[in-house]
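Single-letter residue listing:
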Amino acid sequence: MNRVAARGGMREESDVPTPRRYPLIFNPKARSQKGGRVLRFLMDHANRFAMYATNHAGEARELAARFAAQGESVVIAAGGDGTLNEVVRGLAGTPTILGVLPAGTMNVFAREMGIPFDSLERAFAVIERGHIREVDLFEANGWPFVQMAGVGFDAQVIEETSWEAKKMLGPLAYLLAAVKVLGERPPVMEVICDDGRREEGVAMLAGNGSLYGGQFKFFRNADNSDSMIDVLVYKEAGYKLVLDSLRGLALGGIDLMQSVSYFQTEAFTVRAARDVPVEVDGEWIGRFNEIRFQETSSRLRVLAPDGPLAGSFAETMKSLLSWPRRQPELQATRSL
Ligand SMILES: [Mg+2]
């Protein structure tokens, strides 16, 4: 029933019975300049949320799983992509719907879904509107992710960026770690798809959505509801990897670079000559020499605006293109 309503697009009433109070999970220690604003917003709407502050890693997942088991229709994740991934893991395989109040530095998944990431009021309005979208949920060695995953270079940068450095330096901490990793001997790995395709490389990125690391469109053909995962295999390591990514983005697609293969597949395995670091949704999950990527048995239900036209890219284009033109039209109408 909800699928039909979600596809209808024009329906204004909520697909979800509005709970008296939404269970809301947030990490009070998350590093973000938005911390104070988030707390103020939560306090201002305290009668709408049953709030749960997490104290340790893994707790957001446990809480989300418990709410789902209790039959809650919606669980809200208020935080960055780390908190979000934990809540997604807790909700995976359940019918409970995810609501997102983006309060992190990157908010990649919120951007992907067209959920306002710069206004908590507007993001909450999306939740209240109750429009459900279903997205594919993939997993890496059994660890679910909703946006993207990486094997090798980017996971190692995350691995080597300490919590203290992030607190102190913000995004610059990743840059410093990247400079260190770039000087090291890269791993050799093979991506073996179930459809028979094989690619050798030194690093791999997988995208369920199109965006990576903020607003960067790394996976330009990605559709997070087509049961396919987009894969980028890097053939060149070191500074060439980074420069080709930047040049590719500037030209309109990383896959336009000869040092990168880009394809879509349903499931694949990465085999590496040694243990390599793996990240999902920006969270380091460990080192493995074999990593299995496949779709999980069920999709994730998310409260989000209708379709891709409400996405951040369209919003940006609208504000860039139509805003200056609209002004004279408005004035003309008024003078009639
Ligand atoms: Mg897809």
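Residues numbered from 1 in each chain as written. Predicted model: local features only at pLDDT ≥ 70, side-chain atom pairs only at ≥ 80, totals over all residues.

As a further point, take the overall build of the protein chain. Each helix and strand counted, the protein chain has eleven helices and 18 strands in total. Expressed as a percentage of the 336 residues in the protein chain, the buried residues total 42%. In the protein chain, of all internal contacts separated by at least 6 residues, the share reaching a separation of at least 24 is 71%. (Helix = DSSP H or I, 4+ residues; strand = E, 2+ residues; numbered from the N terminus. Buried ≥ 20, exposed ≤ 12 C-beta atoms within 10 Å, placed from the backbone. Contact = placed C-beta atoms within 7 Å.)

Among the eleven residues of helix α4 (residues 81–91), ten are classified as buried, and the element is accordingly described as predominantly covered. Those residues of α4 not exposed but buried are Asp81, Thr83, Leu84, Asn85, Glu86, Val87, Val88, Arg89, Gly90 and Leu91. Immediately downstream of α4, the backbone of Gly93 shows phi near 85°, a positive value.

Glancing now at the environment of Glu184. Looking at where Glu184 falls in the secondary structure, it is placed in the loop between α9 (172–182) and β9 (189–193). Looking at Glu184, the number of C-beta atoms within 10 Å reads 12, which means it is exposed. For the pair formed by Glu184 and Ala237, sequence separation is 53 residues and the distance between their alpha carbons is 9.3 Å.

Here we come to the nonpolar core. Ranked by internal contacts, the top residues of the largest apolar core, which has 91 residues, are Ile25, Leu98 and Met204. Looking at which domains feed residues into this core, each of domain 1 (17–129) and domain 2 (140–295) supplies at least three. Apart from the residues lying within four places of it in its own chain, the contact partners of Met204 are Gly150, Val151, Gly152, Met189, Val191, Val231, Leu232, Val233 and Val270. (Core = buried A, V, L, I, M, F, W, Y, C linked by C-beta atoms within 7 Å. Domains from an automatic or database assignment.)

Leave glycine aside and you will find that most residues have negative phi; peptide bonds, for their part, are mostly trans. One non-glycine residue, Asn141, lies in positive phi territory at about 50°. Structurally, Asn141 is set in the loop between β6 (138–140) and β7 (143–145). Overall, the presence of 17 C-beta atoms within 10 Å leaves Asn141 in the partly exposed class. Phi angles above zero are rare outside glycine, and Ser227 is one such case at about 60°. Summarising the element assignment, Ser227 is placed in the loop between β13 (216–217) and β14 (229–234). Residue Ser227 is classed as partly exposed on the basis of its 13 C-beta neighbours within 10 Å.

For Ser261, the position within the fold is in strand β15 (residues 260–265). Residue classification places Ser261 among the partly exposed residues on the basis of 18 C-beta atoms within 10 Å. Once the C-alpha coordinates of Ser261 and Met204 are considered, the two residues, 57 residues apart in sequence, prove to be 9.6 Å apart. Contacts of Ser261, omitting those with residues within four sequence positions, involve Glu199 and Val233.

This part takes up the packing of helix α7 (residues 153–160) against α9. It is the contact of α7 with α9, at a shortest axis distance of 8 Å, that shows an interaxial angle of 120°. It follows from the interaxial angle that α7 and α9 lie oblique. Of the two elements, α7 crosses α9, and the hand of that crossing is right-handed. Listed contacts from α9 to Phe153, Gln156, Val157 and Glu160 of α7 are Tyr174, Ala177, Ala178, Lys180 and Val181. Each residue belonging to the contact of α7 with α9 can be placed in one class, and the counts come to six nonpolar, one polar and two charged. (Axes fitted to C-alpha atoms, helices over the stretch in contact; angles between N-to-C directions. Parallel < 35°, antiparallel > 145°, perpendicular 65-115°, else oblique. Left-handed = near helix turned anticlockwise from the far one by under 90°. Nonpolar A, V, L, I, M, F, W, Y, C, P; charged D, E, K, R; others polar.)

The next thing to look at is the confidence of the model for the protein chain. The pLDDT averaged across the protein chain works out to 86; a share of 85% of its residues lies at or above 70. In this model, residues 1–11 is a region of pLDDT below 50 whose contacts with residues beyond four sequence positions or in other chains number eleven contacts. A low-confidence stretch, residues 322–336 (pLDDT under 50), is modelled with zero contacts involving residues beyond four sequence positions or located in other chains. (pLDDT = per-residue confidence, 0-100.)

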